[in-house]
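# Descriptive analysis of the structure
As a plain string of letters, each chain reads:
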Amino acid sequence: MLHFIHQNLRWLAAGFLLTFASAFGQTYLISLFAADIKSAWSLTDGEWGAIYTIATLAAALALFWRGSLADTMPLSRLCALVTVLFALSCLLMAWRGPVWVLGVALFGLRFCGHGMYTHMAMTATGRWFRAWRGRALSVVAQGYATAEIIWPALAVLALQTLGANVTWFLAAAILAFLVLPFMSYLLAEERIPEGSETTDESAGLAGRHWTRAEAARHWLLPALLPIMVAPAVLCTITYFQMTHVAAVKGWTLPQMAPGYPAFAVTMMIGSISSGWLLDRFGSTRLLPLVLLPLALGLGLIQPAVSPWTWWLCLGLLGLSMGLAMTLWGAVLPEFYGTRHLGAIRSLTSTVTVFITALGPGVSGLLIDAGINYPRQSMVLTVATITLCGLGLVVSKGVTAQRHLAQNRLP
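The text that follows walks through the structure, step by step, so that each part is easy to find. Please read all numbers here as calculations on a predicted model, not as lab measurements. (Residues numbered from 1 in each chain as written. Predicted model: local features only at pLDDT ≥ 70, side-chain atom pairs only at ≥ 80, totals over all residues. Heavy atoms only, no water.)

### With respect to the side chain of Thr125
- Position of Thr125 relative to the elements: it lies in helix H8 (residues 99-128).
- A polar atom in the side chain of Thr125 sits 2.7 Å from the backbone oxygen of Ala121.
- Not counting chain neighbours up to four residues away, the residues in contact with Thr125 comprise Ala136, Leu137 and Val140. (Helix = DSSP H or I, 4+ residues; strand = E, 2+ residues; numbered from the N terminus. Polar contact = N/O pair within 3.5 Å; in protein donor to acceptor, adjacent residues only side chain to side chain. Contact = heavy atoms within 4.5 Å.)

### Here we look at unusual backbone geometry
- Non-glycine residue Ser42 carries a positive phi angle of around 55 degrees.
- Tracing the sequence through the fold places Ser42 in the loop between helix H4 (34-40) and helix H5 (45-66).
- Judged by relative accessible area, Ser42 falls into the exposed class, the value being 63%. (Buried < 20%, exposed > 50% of the residue type's maximum accessible area, 1.4 Å probe, protein only.)

### Some points on the packing of helix H15 (residues 259-281) against helix H17 (residues 307-336)
- Running from N to C, H15 and H17 point in directions that differ by 35 degrees, and their axes come no closer than 6 Å. Considering how the two elements wind past one another, H15 and H17 form a crossing that is right-handed.
- Here the residues of the contact of H15 with H17 are counted per class, giving 14 nonpolar, 11 polar and no charged. (Axes fitted to C-alpha atoms, helices over the stretch in contact; angles between N-to-C directions. Left-handed = near helix turned anticlockwise from the far one by under 90°. Nonpolar A, V, L, I, M, F, W, Y, C, P; charged D, E, K, R; others polar.)

### Thoughts on the packing of aromatic side chains
- Under the defined criterion, the tally for this structure stands at 12 aromatic pairs.
- Between Phe24 and Trp151, the ring centres sit 4.9 Å apart and the planes meet at 50 degrees, which makes this aromatic pair tilted. Taken together, the residues span a long stretch of sequence, with Phe24 in the loop between helix H2 (9-21) and helix H3 (27-30) and Trp151 in helix H9 (residues 133-161) at a distance of 127 residues.
- Judged by its relative accessible area of 5%, Phe24 falls in the buried class.
- Given a relative accessible area of 12%, Trp151 falls into the buried group.
- What links up through ring pairs into an aromatic cluster is the set Phe16, Phe20, Phe24, Phe86, Tyr117 and Trp151.
- For the cation-ring pair, Arg66 lies above Trp65, with the distance from its terminal atom to the ring centre recorded as 3.9 Å.
- For Arg212, the ring lying beneath its charged end belongs to Phe64, and the centroid distance is 4.2 Å. (Phe/Tyr/Trp six-rings, centres within 6.5 Å; stacked < 30°, edge-to-face > 60°. Lys NZ or Arg CZ within 6 Å of the ring centre and 35° of its normal.)

This is how it looks when you write it as structure tokens:
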């Protein structure tokens, strides 16, 4: 593994930096500024949530519209363009103008960080690597977990000492003067997968390069999407409702705080282990297993009586998230090829962002209707276990399709 990292450090570092810097557009970091935002724009909780949801949904649509640029534009140019837009969005967050400015800024943060940075990192890594694709993706995915450990603590410190405006200026400076030049250096040399001297393309199922339309019409992608979306959506909802869970259980937020590093550490473990498992056993064998820790973690919320159970819950959720991030980065190029990978990933990412944006709102409506989140979590546990069964069905279906394709070969 160390030899592999040393040989491919330039490209692995590029992917890692993209996932690491995507934090400026992720919910867990933006939510730290919620009190300042509501105060500055005189927003209620409902108004703030509505603006954030609308901005996220608009970002999802933009990702669907422009995600295919990862197939047609050199990554160095695309990354530079997105990074400039990302930095400008941070600057807009520091401008206390009309409320529509806040909406535009949030759109930019969500589109660039949560959307395009993640999309570019996983698309490029899936295209660059073949034989060791799983391990490469597991290294790149460490950027997410590392960011969750580092950025929230730095953001809280900056908020307390410098204020929100200066903190957003610093974020813009980091993107413009550190991330942009370093990414330009790392991406100055394109990587061609070993075994192909002229192209970075590798075919998918049936030896084909699937288009986005073909993938959407085939049974496999609609069956995969619920399994792909579940970790991001359910982890987001659980994080979003942490204050509510504290009130229901009679816990304090400081008592629950160790859940954050527990989530990040187990996400690292899941990502690293899934990279090795993917290269050793293949993606189809992992499909029925990736959501099991998530189901167990959700099942612990309702009966929990002590905050340490919350730490265990988030640790299990982080394990599933780490497994899933690497698995989905490998499944799409393996099943559909790499020629149209950016377009296909933009579809799956759009669905993920869209449902993730709706999840907290739906959960909040249920809470208003008298169904607290611990009670909701029991239903979500059953749904997640059902998705594990769907993963088994998909795994068997893909295996059968591969055997059929092999038997047709002359």
